[in-house]
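# Topology and contacts: notes
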Amino acid sequence: MKTHVLLILSLVCSQPLLAQAPRTDVADLNAGEGLVWLAGTVRTDGGTMRVDLGDVHGVLEGDRLAVFRSFEDHHIPLGIVQIADAGTVWSNITSTSPTPLREGDLVLGVRTVRQTGTGENLQNGFLRRQLIRNGDRNGYSSADRVEVALTLRSLVRKQDRWAREKKQVAGSVRSGTITAAKFAALQPLRNHILLLRKYRETGIPLETSIGSTWENCITVLTPRHNVDNPALEADPETTSLALPADQQLKQRIEVIRDATSFILFDRFPEEQNLAVLICAAIEQDNPPNEALWIAVQLSRSQFPNLAEDREMLEEIPEILRRVRLAQNQAAF
């Protein structure tokens, strides 16, 4: 095992581009709240449930990832997996998803640049963990060693650049099955996740609005800025960063759900969920131009084409009209 680690270190450090990379300033790292996406897929090799993300990607035992499945032209949340045993480029997992996972299901995680540290922190941490792990537990092939070395070299370079650039969304850490093109195609889903995070931060209860599965996924996909460890450590069963919702709002959401189920009966469940959230959030935001606001929300979801769907742009205001009418009648 020690020989394997030394080989990785020699491959990483022999690259001239890495040696010439500018050192990350502490101030850059302290400002590093930029979001880093982790993306991989579920594997079922030999009947063992795995994800193709491992120690070299910064995924460790106990970390949690959200799982999604592609359906038609969108994604549905399946639940949460926890890393049970982290290898170098793969990890065994346990799942709390009520739906059995399948080969190719998408796994996502997030962390901030600050939580990962500098490129040097990333490299040294990985090599230190590899030296102390049991060789029989973490053995890997020559091909894996090359993959590990190239992945580590790439991430070290990216990490320091992400810290200096200070972008809101810094970048991504992807497994070999998530190509650049495939990750780009996930942009609507990633936008959707950020939109749901925004709604929850304003006090919209996701569990009441669209169910506990989404609530758990968004919890895992929300960085915890007050801890040094990666955001993957968030426990969806015990941790929620959402503001508490009052009973009146919850009752309104129930009315919204009823009206949405009636009007959007022929839409996908996730389209209905989005409509419920938009109708719940519009009263919180109180926009001066509701029609424009609704279109913008749709464009920022995993259904961006709905922003130009005339029927949906008429149906959501109709849901709001029915909800407001029901509220006015209840007031008398």
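As a reminder, the structure under discussion sits directly above these lines.
Described below are features of the structure shown in this document. Because the structure is predicted, anything quoted here is derived from the model rather than measured. (Residues numbered from 1 in each chain as written. Predicted model: local features only at pLDDT ≥ 70, side-chain atom pairs only at ≥ 80, totals over all residues. Heavy atoms only, no water.)

For soluble globular proteins, nonpolar side chains are generally found buried alongside one another. If you look at the biggest cluster of nonpolar residues, it comprises 51 residues, and the most contacted ones within it are Phe-68, Leu-108, Ile-193, Leu-298, Ile-316 and Ile-319. When residues in this core are grouped by element, the largest group, nine residues, is from helix α12 (residues 269-285). Ile-319 has contacts with Ile-256, Ala-259, Thr-260, Ile-263, Leu-264, Ala-275 and Cys-279, leaving out every residue within four places of it along the chain. Core analysis: the second largest hydrophobic core is formed by 30 residues, Leu-65, Trp-90, Val-156 and Ala-170 among them. (Core = buried A, V, L, I, M, F, W, Y, C linked by side-chain atoms within 4.5 Å. Buried < 20%, exposed > 50% of the residue type's maximum accessible area, 1.4 Å probe, protein only. Helix = DSSP H or I, 4+ residues; strand = E, 2+ residues; numbered from the N terminus. Contact = heavy atoms within 4.5 Å.)

Next up on the list: the pairing of strand β5 (residues 91-95). On a regular strand, each side chain points to the face opposite its neighbour's, so the side chains alternate between the two faces of the sheet. Relative to β5, strand β2 (residues 50-51) runs antiparallel, the two sharing two bridges. If you follow Arg-50 over to β5, its bridge partner there is Asn-92. Here strand β4 (residues 74-86) pairs with β5 via five bridges, running antiparallel. Paired with Asp-85 across the two strands is Asn-92, which belongs to β5. (Pairing = 2+ DSSP bridges.)

So, on to helix α13 (residues 290-299). The set of residues buried in α13 consists of Trp-293, Ile-294, Ala-295, Gln-297 and Leu-298. Its side-chain oxygen placed 3.3 Å from the backbone nitrogen of Ala-291, Asn-289 serves as the N-cap of α13. (Polar contact = N/O pair within 3.5 Å; in protein donor to acceptor, adjacent residues only side chain to side chain.)

All right, on to the packing of helix α8 (residues 187-201) against helix α10 (residues 212-220) then. In contact at an axis separation of 10 Å, α8 and α10 are set at 95° when each is read in the N-to-C sense. Considering the angle they form, α8 stands roughly perpendicular to α10. Touching His-192, Ile-193, Leu-196, Arg-197 and Arg-200 of α8 are Trp-214, Glu-215, Ile-218 and Thr-219, all from α10. Looking at the contact of α8 with α10 residue by residue, the classes come out as four nonpolar, two polar and three charged. (Axes fitted to C-alpha atoms, helices over the stretch in contact; angles between N-to-C directions. Parallel < 35°, antiparallel > 145°, perpendicular 65-115°, else oblique. Nonpolar A, V, L, I, M, F, W, Y, C, P; charged D, E, K, R; others polar.)

So, about the environment of Ser-172. Relative to the elements of secondary structure, Ser-172 occurs in strand β7 (residues 169-174). As a C-alpha pair, Ser-172 and Gln-159 span 13 residues in sequence and 9.9 Å in three-dimensional space. Setting aside its immediate chain neighbours within four residues, Ser-172 contacts Val-36, Trp-37, Lys-158, Trp-162 and Phe-183. There is a polar contact of 3.4 Å between the side chain of Ser-172 and the side chain of Arg-174.

Glancing now at the packing of aromatic side chains. Summed over the entire model, instances satisfying the criterion amount to two aromatic pairs. Geometrically, the ring pair formed by Phe-68 and Trp-214 is tilted, given 5.7 Å between the ring centres and 50° between the ring planes. Here Phe-68, found in strand β3 (residues 64-71), pairs with Trp-214, found in helix α10; they are 146 residues apart in sequence, far enough to count as distant. Taking the relative accessible area as the measure of exposure, Trp-214 reaches 2% and is therefore buried. Between the aromatic rings of Phe-71 and Phe-268, the centroid separation amounts to 5.9 Å while the plane-to-plane angle is 80°, which identifies the pairing as edge-to-face. Here Phe-71 is found in strand β3, whereas its partner Phe-268 is found in the loop between α11 (247-263) and α12, with 197 residues between them in sequence. Its guanidinium or amino end placed over the ring of Trp-90, Arg-50 lies 4.0 Å from that ring's centre, counting from NZ or CZ. (Phe/Tyr/Trp six-rings, centres within 6.5 Å; stacked < 30°, edge-to-face > 60°. Lys NZ or Arg CZ within 6 Å of the ring centre and 35° of its normal.)

On to the pairing of strand β1 (residues 35-43). A large share of β1 lies buried, amounting to eight of its nine residues. By the bridge criterion, five bridges tie β1 to β7 in an arrangement that is parallel. Residue pairing for β7: Leu-35 is matched across the bridge by Val-169. In the sheet, β1 pairs with β2 via two bridges, with the strands oriented antiparallel. Its bridge partner lying in β2, Arg-43 is registered against Arg-50. Where β1 folds back on β2, the antiparallel hairpin that results is connected by six residues, among which Gly-46 adopts a positive phi of roughly 60°.

Before going further, it helps to spend a moment on the pattern of salt bridges. Taken as a whole, this structure holds 14 salt bridges when the rule is applied. Linking Glu-283 and Arg-324 is a salt bridge whose minimum nitrogen-to-oxygen distance equals 2.9 Å. Of this pair, Glu-283 sits in helix α12 while Arg-324 sits in helix α14 (residues 310-331), and the two are 41 residues apart along the sequence. The salt bridge partner of Arg-322 is Glu-318, with a shortest N-O separation of 3.0 Å. A residue pair is termed a helical-turn pair when its members lie 3 or 4 positions apart in one helix, as Arg-322 and Glu-318 do in helix α14 at four residues. Via salt bridges that share partners, Arg-252, Glu-283, Glu-290 and Arg-324 belong to a single interconnected network. (Salt bridge = Lys/Arg side-chain N within 4 Å of Asp/Glu carboxyl O.)

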